[in-house]
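Next come the chains, spelled out residue by residue.
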Amino acid sequence: MKTIITIGRQFGSGGKEVGIRVAKELGIPFYDKEILQQAAKKSGLCEKILENFDERPKSLLYSIAMDSYMFALPGTGAGDSLEQQVYLATFNTIRQIAKQGPCVIIGRCADYALSEDPNHLSIFIHAPMEDRIRRVAHRLDLAPDKARSLINKTDKRRASYYEYYSSQRWGAVDSYDFCLNSSFLGLGGTVELIRAMVEHKENPVPSPTEEDPTRK
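So, the side chain of threonine 190
With respect to the helices, strands and loops of the structure, threonine 190 is situated in helix H9 (residues 182-202). Taking relative accessible area as the criterion, threonine 190 reaches 2% and is therefore assigned buried. A polar contact of 2.8 Å, which involves the side chain of threonine 190, links it to the backbone oxygen of glycine 186. Those residues in contact with threonine 190 that lie beyond four places of it in its chain are Val18, Ile125, Leu180, Asn181, Ser182 and Leu185.

Given below as structure tokens:
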């Protein structure tokens, strides 16, 4: 198996759970927060700093404060902002992880980082708002209005991060290989559909309508 699966997701769509289950069923590694841990080790940046900027859009005041802090640290480049250093550390770590073999990677513009990798399969998982509200409210023990507010804030943050660094639209059909509604087939059915996509990518079957070049 060669396929590297990247999953972008709306908050509350079950995208992370789908990714975990796909990785488990295919017997391949799953990366979420583990990316930050590896990026911290490779870049020398504090893991807490990477967590603070994880899938977050630029914040001018926070950047100024943290950039001032970074100038006091040895081995940090004065040419790049802290946000840029965090993004590049994450970007490079994702590409290094992909070189190690098939895996599932969640968020963090991974689809953009691996856009030229022929073994890459990019997926975006979404779901109706009411389904997401129910899932988030249950998981975090929140009132529905609080869950909705958290969903909107998280989605806005993820979209801003993705669109700033990739120059593509977060969640748009032309930004990914497939966009899947996790409520249509349920999480289990979504996992099976992704497995079928991987199987097809690994073993493509020519379309019967394609012209046989030997007949020319």
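Picking up after the structure, the text goes on.
Focus: the pairing of strand S3 (residues 103-106)
Burial along S3 is two-sided: the residues Cys103 and Ile105 and Val104 and Ile106 are all buried. In the sheet, strand S1 (residues 4-9) pairs with S3 via four bridges, with the strands oriented parallel. Considered in S3, the bridge of isoleucine 5 is made with valine 104. Here strand S2 (residues 30-31) pairs with S3 via two bridges, running parallel. Bridging across to S3, phenylalanine 30 finds its partner in valine 104.

As for the layout of surface pockets
Considered as a void within the structure, the largest pocket measures approximately 450 Å³ in volume. Taken together, 23 residues line the largest pocket, and the ones lying closest to its centre are Arg9, Phe11, Lys16, Arg139 and Arg158. Mapped onto the lining of the largest pocket, the elements with two or more residues apiece are helix H1 (15-26), helix H7 (129-140) and helix H8 (144-166). Its residues assigned to classes, the lining of the largest pocket shows three nonpolar, six polar and 14 charged.

Some details on the pairing of S1
The element S1 is largely enclosed, with a buried count of six among its six residues. By the alternation rule, side chains of S1 split into Ile4, Thr6 and Gly8 and Ile5, Ile7 and Arg9, which are all buried. Judged from the six bridges that link them, S1 and strand S4 (residues 120-126) form a sheet pairing that is parallel. Across the sheet, isoleucine 5 pairs through a bridge with leucine 121, a residue of S4.

Rules and cut-offs
- Residues numbered from 1 in each chain as written.
- Predicted model: local features only at pLDDT ≥ 70, side-chain atom pairs only at ≥ 80, totals over all residues.
- Heavy atoms only, no water.
- Helix = DSSP H or I, 4+ residues; strand = E, 2+ residues; numbered from the N terminus.
- Buried < 20%, exposed > 50% of the residue type's maximum accessible area, 1.4 Å probe, protein only.
- Polar contact = N/O pair within 3.5 Å; in protein donor to acceptor, adjacent residues only side chain to side chain.
- Contact = heavy atoms within 4.5 Å.
- Pairing = 2+ DSSP bridges.
- 1 Å grid on protein atoms, 1.4 Å probe; cavity = no way out; pocket = protein on both sides within 12 Å on 5 of 7 lines; lining within 4 Å.
- Points joined across faces, edges and corners; volume = space filled by probe spheres on them.
- Nonpolar A, V, L, I, M, F, W, Y, C, P; charged D, E, K, R; others polar.

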